Amino acid sequence: MDSNELSLSKVANQHARVLSGMRPTGRLHLGHYHGVLKNWVELQHEYPCFFFIADWHALTTHYDDPSIIPGSVWDMVIDWLAAGVNPNEATLFVQSRVPEHAELHLLLSMITPLGWLERVPSYKDQQEKLKEKDLATYGFLGYPLLQSADIMLYKAGLVPVGEDQVAHVELTREVARRFNHIYGKEADFGDKAETAAKKMGKKNARLYARYRKEWQERGDEEALAAARALLEGQQNITVSDRDRLFGYLEGSGKVILPEPQPLLTRASKMPGLDGQKMSKSYGNTISLRADPDEVSQQMRTMPTDPARVRRNDPGDPSKCPVWQFHEVYSDKQVCDWVQEGCRSASIGCVDCKQPVIDAVVNELQPMRERAAEFESDPDVVRTIINEGCEAAREVAYDTMTEVREVMSLEAIR
Ligand code: TRP
Ligand code: SF4
C-alpha cells in the first residue's frame, strides 16, 4: 500500500475529493514541480481534484505590496497547465472568485478558540522569519482557519501538502469535530437516524445496523468501510439524512463537515543549485520555463566538491550538489560512472554535469512549449479559470446552504 491508498482507506469515498492550494508569490521552479505538481498530475487521474490559487492567503503576508499578486496568479496558472495539470480532469480556480471561502471562514471563526490559532507553529515561526513585516495582524493569525475553510468548503477528505502544512490540516480536523459536535446535535438524533436508515429499504437498513454494531462494538474496520460504501451508494436519501447516518455510524452527531487527512507528498527533495533545498528564498532555483541556454549556464556555474581544484584531483560525490541532481535524474549506470569517475578523477566536473543538464532540459522542454502556447492565448487561460470558478462555486453553494441551515441563518429566504 502506498501512502495515498493508506490515507484513502481512512476517509469515506464520498470525501475522496482532493483539494490543495498554492499562494501566488512568484514564478514556479523545479522544486515546485518535483515536490507538488507532479503529484497533482497523478492525483487528478485518481480523484476529483480541486486546485486553487490562494490569493487571499498571499495577502496575509503581502498586504503591504500586493502588486506582485496579479502577475503571479497568471504565471502560476500557466505553470500548472504547463506542468500537466489538466483542466478537463481537475477543477482550477482562484480563491477570491469564490467568496464562500470568506463566508465559511467567518462562520468558523465564531467557534474557533483563539488558543488553537496561537498554538499553530507557523504563526510564531513566520513572524520570526519575516521580521521585516508586521504580521501581528488579525488576518495572519486567522490564516490557518482560512485554510480550514478552503478545505471544508469542498468537503475534501484528502489534502496533499508538505510537512510544514500538516499542522494546518490538523487544526482543520479539530475545527470540523467541534463544528459537527455543536451543530450536528439534534435533540432526537438517534430516532432521526433510525428513521433515515429505514428510508434505504428494509434490507439496507438491516445491513447498516449490522455493520454499525460490528464497528462500534468490535472496531471492525471492514464493517465501517462496508457501511460507508452502503451509504455512498444510496441515491434516494437526502444530504441531511446521509450526514446523520454517517454520524450515527461513527457514534457522533451529524457529520456536516468531514475531517480531512493530510496526503503527505512523497518526500522528493529537489536540491537547489547550491545543494540546499531548492527554494526562492535561497536564490538557488531553476525556473520551470528556463530555456536550454539558461539551464546549461546555471548548471555550469554550480559549485562542486571543493577538493577538486585541478582536473586530476579526485573528489567525493557526497560532498557535491551535482551528485544530488544525479540522484534525481540519472539511472544506475550513469550514477556508477559518476561515482567511479569522480573518485578516480577520470572524469571532469564539466563531463559529469552534462547528463544532468540534458535531463533537466528534456524534462522542461514540453513544459516550455505548453507554457508558450498558453501565454500566446490568454483567452484560453481565462476560460479555464472562469469555468473552474463556476464549478467550484457550485460545490461551495451546496456546502454553505447546509452550513447556514445548521447555524440558524436561513430564517427568511
Ligand atoms: N497555506 C498553503 C501554503 O502556504 C496554501 C493553501 C491555502 C492550502 N489553502 C490551502 C494548501 C488548502 C492546502 C489546502 O502552501
Ligand atoms: Fe561533483 Fe561530478 Fe565533479 Fe564529482 S565529478 S565533484 S560529482 S561534479
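Residues numbered from 1 in each chain as written. Chains lettered and ligands numbered in written order. Predicted model: local features only at pLDDT ≥ 70, side-chain atom pairs only at ≥ 80, totals over all residues. Heavy atoms only, no water.

Participant: Even after reading the chapter, I still don't get the site of ligand 2, so can you show me in this structure?
Facilitator: Around ligand 2, a shell composed of Thr-304, Asp-305, Arg-308, Pro-317, Cys-320, Val-322, Val-338, Cys-342, Cys-349 and Cys-352 is seen. Counting residues per element, the ones that place at least two in the shell around ligand 2 are helix H16 (332-343) and helix H17 (349-375). Taken together, the residues of the shell around ligand 2 sort by class into seven nonpolar, one polar and two charged. (Near = heavy atom within 4 Å. Helix = DSSP H or I, 4+ residues; strand = E, 2+ residues; numbered from the N terminus. Nonpolar A, V, L, I, M, F, W, Y, C, P; charged D, E, K, R; others polar.)

Participant: Would you take a moment to explain the pairing of strand S3 (residues 90-94) for this structure?
Facilitator: Among the five residues of S3, five are classified as buried, and the element is accordingly described as predominantly covered. Burial along S3 is two-sided: the face carrying Ala-90, Leu-92 and Val-94 and the face carrying Thr-91 and Phe-93 are both buried. Bridge count between strand S2 (residues 49-53) and S3: five bridges; the pairing is parallel. In the sheet register, Cys-49 faces S3, and the bridge partner there is Ala-90. (Buried < 20%, exposed > 50% of the residue type's maximum accessible area, 1.4 Å probe, protein only. Pairing = 2+ DSSP bridges.)

Participant: I'm lost on the domain arrangement of the protein in this one. Help?
Facilitator: One widely used convention gives an interface's size as the accessible area the parts lose upon coming together. Entries for the protein in the domain assignment read domain 1 (3-184 + 260-268 + 378-406), domain 2 (189-249) and domain 3 (289-376). Distance from the C-alpha centre of domain 2 to the C-alpha centre of domain 3: 57 Å. (Domains from an automatic or database assignment.)

Participant: Would you take a moment to explain the side chain of Gln-147 for this structure?
Facilitator: For Gln-147, the location among the structural elements is in helix H8 (residues 138-153). Aside from chain neighbours lying at most four places away, what touches Gln-147 is His-57, Gln-165 and His-168. (Contact = heavy atoms within 4.5 Å.)

Participant: Would you take a moment to explain the nonpolar core for this structure?
Facilitator: As a rule of thumb, soluble globular proteins bury nonpolar side chains together. Leu-30, Leu-37, Trp-80, Tyr-154, Phe-179 and Ile-286 are the most contacted members of the largest nonpolar core, which totals 102 residues. Per element, the largest residue contribution to this core is ten residues, and it comes from helix H18 (residues 378-406). Two domains each put at least three residues into this core: domain 1 (3-184 + 260-268 + 378-406) and domain 3 (289-376). In contact with Ile-286, other than residues within four places in its own chain, are His-29, Leu-30, Leu-273, Met-278, Val-295, Gln-298, Met-299, Phe-325 and Leu-364. (Core = buried A, V, L, I, M, F, W, Y, C linked by side-chain atoms within 4.5 Å.)

Participant: Help me understand the UniProt feature "short sequence motif: 'HIGH' region" (unreviewed entry) in the protein, please; the structure alone is not making it clear to me.
Facilitator: When the UniProt feature table is mapped onto this chain numbering, "short sequence motif: 'HIGH' region" (unreviewed entry) sits at residues 24-32. End-to-end, the C-alpha atoms of residues 24-32 are 12 Å apart, and along that stretch the chain is 33% helix and 0% strand. (UniProt positions renumbered as here; feature names shortened; annotations may be inferred.)

Participant: Would you mind going over the confidence of the model for the protein with me for this structure?
Facilitator: Segments scoring low in pLDDT should not have their predicted coordinates read at a detailed level. For the protein, mean pLDDT is 93; residues scoring 70 or higher make up 96% of the total. Predicted confidence for residues 1-8 stays below pLDDT 50, and this span has 17 contacts to residues more than four positions away or in other chains. (pLDDT = per-residue confidence, 0-100.)

Participant: Explanation requested: helix H10 (residues 189-198) in the structure shown.
Facilitator: Within an α-helix, residues lying three or four positions from one another point in the same direction, as the helix has 3.6 residues per turn. Among the residues making up H10, those that are buried are Phe-189, Ala-193, Ala-196 and Ala-197. The arc that holds every buried residue of H10, seen down its axis, measures 100°, which confines them to one face. Opposite its buried face, H10 presents the exposed residues Asp-191 and Lys-198, each directed more than 90 degrees away. (Arc of directions from axis to C-beta.)

Participant: Just checking my understanding: could you explain the side chain of Glu-363 for this structure?
Facilitator: Looking at the element boundaries, Glu-363 is found in helix H17. No salt bridge is formed by the buried Glu-363, whose closest oppositely charged neighbour, Lys-38, lies at an N-O distance of 5.0 Å. For Glu-363, the residues in contact, after removing those within four places along its chain, are Leu-30, Tyr-33, His-34 and Tyr-329. (Lys, Arg positive; Asp, Glu negative; His and termini not counted. Salt bridge = Lys/Arg side-chain N within 4 Å of Asp/Glu carboxyl O.)

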